[in-house]
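# Examining the three-dimensional arrangement
Read off the chains here:
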Amino acid sequence: MLESMYIYIIIAFIIIWFIENRVNLSTSHKALIEDGDNVIVNPTMLSRCYGFSSKVVIKSNITKIQLADNCISLFTQSGNAIDIWLPKKSCDNVVNQAKKYFGNASLVKV
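The present account deals with the structure reproduced in this document.

Rules used throughout
Residues numbered from 1 in each chain as written. Predicted model: local features only at pLDDT ≥ 70, side-chain atom pairs only at ≥ 80, totals over all residues. Heavy atoms only, no water. Helix = DSSP H or I, 4+ residues; strand = E, 2+ residues; numbered from the N terminus. Rg over C-alpha atoms; globule rule 2.2 N^0.38 Å. Buried < 20%, exposed > 50% of the residue type's maximum accessible area, 1.4 Å probe, protein only. Areas by Shrake-Rupley, 256 points an atom, 1.4 Å probe, with all protein chains shown as cover. Lys, Arg positive; Asp, Glu negative; His and termini not counted. Charge placed at Lys NZ, Arg CZ, Asp CG, Glu CD. Expected span 1.5 Å × (residues − 1). Arc of directions from axis to C-beta. Phe/Tyr/Trp six-rings, centres within 6.5 Å; stacked < 30°, edge-to-face > 60°. Lys NZ or Arg CZ within 6 Å of the ring centre and 35° of its normal.

## Some points on the overall build of the protein
Helix and strand content of the protein: 3 helices and 7 strands. Counting from the amino terminus, the protein carries its helices and strands in the arrangement α-β-β-α-β-β-β-β-α-β. Here the C-alpha atoms of the protein give a radius of gyration of 17 Å, more than 25% beyond the 13 Å that 2.2 N^0.38 yields for 110 residues. Taken along the three principal axes of its C-alpha coordinates, the protein extends 60 × 30 × 25 Å. Taken over 110 residues, the protein has a buried fraction of 33%. For the protein, the computed accessible surface area is about 7,000 Å², with 60% contributed by carbon and sulfur atoms. Within the protein, the 8 negative side-chain charges are centred at a point lying 5 Å from the centre of the 11 positive side-chain charges.

## Some points on helix H3 (residues 88-101)
Between its first and last C-alpha atoms H3 spans 20 Å; for 14 residues at 1.5 Å apiece the expected length is 20 Å, and the two agree. For H3, the set of buried residues is Ser90, Cys91, Val94, Val95, Gln97, Ala98 and Tyr101. Angular distribution of buried residues about the axis of H3 spans 165°; they occupy a single face of the element. Counted as exposed and oriented over 90 degrees from the buried face of H3: Lys89, Asn93 and Lys100.

## Side note on the packing of aromatic side chains
Any two aromatic rings considered together are summarised by their centre-to-centre distance and by the angle between their planes. Scanning the model with the defined rule gives 0 aromatic pairs in all. In this arrangement the basic side chain of Lys64 is found over the ring face of Phe75, its NZ or CZ atom lying 4.4 Å from the centre.

So, in structure tokens, the structure goes:
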């Protein structure tokens, strides 16, 4: 009984590791999708895979792009922020996309 519980725990950790390291990496290109004067922001893995909780922002409303560890924050003119959580390996690519889409925004690295 106890041995089977350990096997289930190990299998669960393998599945979680796979989702975090493979699915996120393959979907990071969907974090920001340009749509004319708007950008569709997919802040989580679920939103990048399945479109849940996507947000649409107007390019000119983003005033600051902040990179902190594995989180990219997009700040609006009203001071609200949208946090995009990614693996560290993908952050530089998404920041470069954000700089291209939000040309007037300042970039801050924390």
